[in-house]
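Coordinate inspection notes
What follows is the residue order along each chain.
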Amino acid sequence: MSNQQLKDVGLKVTLPRLKILSILEHSEQKHLSAEDVYKLLLEAGEDVGLATVYRVLTQFESAGLVARHNFEDGHAVFELNSDDHHDHMVCVDSGDVIEFVNKQIEELQHQIAEEHGYELIDHNLVLYVKKKS
Ligand SMILES: [Zn+2]
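Residues numbered from 1 in each chain as written. Predicted model: local features only at pLDDT ≥ 70, side-chain atom pairs only at ≥ 80, totals over all residues.

Looking at an unreviewed UniProt entry, one finds the protein named Ferric uptake regulation protein and attributed to Aliikangiella coralliicola. Database annotation for the protein, UniProt heading Subunit (unreviewed entry): "Homodimer." What the UniProt record of the protein gives under Sequence similarities (unreviewed entry) is the line "Belongs to the Fur family." (UniProt positions renumbered as here; feature names shortened; annotations may be inferred.)

Frequently, the measure chosen for interface size is the accessible area that the parts lose on association. Taken domain by domain, the protein comprises domain 1 (1-80) and domain 2 (87-129). Of note, the centres of domain 1 and domain 2, computed from C-alpha atoms alone, are 25 Å apart. Contact residues are listed per partner, giving six residues for domain 1 and six residues for domain 2. Grouping the amino acids of the side of domain 1 that touches domain 2 by side-chain chemistry returns two nonpolar, three polar and one charged. (Domains from an automatic or database assignment. Contact = placed C-beta atoms within 7 Å. Nonpolar A, V, L, I, M, F, W, Y, C, P; charged D, E, K, R; others polar.)

Here it is in structure tokens:
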């Protein structure tokens, strides 16, 4: 199935690509930095260098297989592209990424664009949060 996914986006099937795709598919955490992917590969006993991980993730991004999010503190995470839209919350203490969808926010954004004479094409909303003490 992963083989086909790679071929579908025009990428040759290579071992590092398959392994990294599998990590993205099966990891508990949906949003992973290149370092996270690298560590998970190490834990699984796979010999893939960090430079390769970076390169493959960038190739996946260009191919539309993964989405890259550049959060404010300079930490970039990758997640498999899916059709369902969601926004993100990032915990400034732990770096945890939480997904959410809010219908009112979605509608409000369309409305705001419209009020300014525009049509909303896309949006990117990130909330920076910290756990209430
Ligand atoms: Zn996400």
